[in-house]
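Structural description and commentary
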Amino acid sequence: MHCHYCDRPAAFAAESDGVTVGLCETHFQERLEELADADGLDALKERVDVDRTE
């Protein structure tokens, strides 16, 4: 899968209503920054179940 915004390989994929979109690391970070600036990150956290194992 390739990034939705460029031709780089997708590092992340998001699926909603049967549609999957890939994002490279750069565009993923940019989208997260936009969400944080727009106060949308809190709403996204409520909708997404994220498990991190590091």
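Everything that follows concerns the structure shown earlier in this document.
Let me begin by describing the structure that accompanies this report. Since the structure is predicted, the reported quantities are computational estimates derived from the model, not experimental observations.

1. Thoughts on the overall build of the protein chain
When helices and strands are tallied, the protein chain shows two helices and two strands. Mapped from its N terminus to its C terminus, the protein chain presents α and β elements in the order β-β-α-α. Looking at the protein chain as a whole, 13% of its 54 residues are labelled buried. A total accessible area of about 4,700 Å² is found for the protein chain, and carbon and sulfur atoms account for 47% of it.

2. Some details on the pattern of salt bridges
It is possible for side chains of opposite charge to pair when their charged atoms get near one another. Under the criterion given, the structure shown has two salt bridges. Among the salt bridges present, the one from Glu30 reaches Arg31, with a minimum N-O distance of 3.8 Å. Arg31 gets classed as partly exposed once you look at its relative accessible area, which sits at 21%. In the salt-bridge network here, residues are joined through shared partners; they are Glu30, Arg31 and Glu34.

3. Quick look at the packing of aromatic side chains
Counted according to the given criterion, the structure contains one aromatic pair. Aromatic pair Phe12 and Phe28: ring centres 4.0 Å apart, planes at 20°, arrangement stacked. With a gap of 16 residues between them, Phe12 in strand β1 (residues 12-16) and Phe28 in helix α1 (residues 25-37) connect regions that are remote in the sequence. Between Arg31 and the ring centre of Tyr5, over which it is positioned, the NZ or CZ distance is 4.6 Å.

Conventions we followed
- Residues numbered from 1 in each chain as written.
- Predicted model: local features only at pLDDT ≥ 70, side-chain atom pairs only at ≥ 80, totals over all residues.
- Heavy atoms only, no water.
- Helix = DSSP H or I, 4+ residues; strand = E, 2+ residues; numbered from the N terminus.
- Buried < 20%, exposed > 50% of the residue type's maximum accessible area, 1.4 Å probe, protein only.
- Areas by Shrake-Rupley, 256 points an atom, 1.4 Å probe, with all protein chains shown as cover.
- Salt bridge = Lys/Arg side-chain N within 4 Å of Asp/Glu carboxyl O.
- Phe/Tyr/Trp six-rings, centres within 6.5 Å; stacked < 30°, edge-to-face > 60°.
- Lys NZ or Arg CZ within 6 Å of the ring centre and 35° of its normal.

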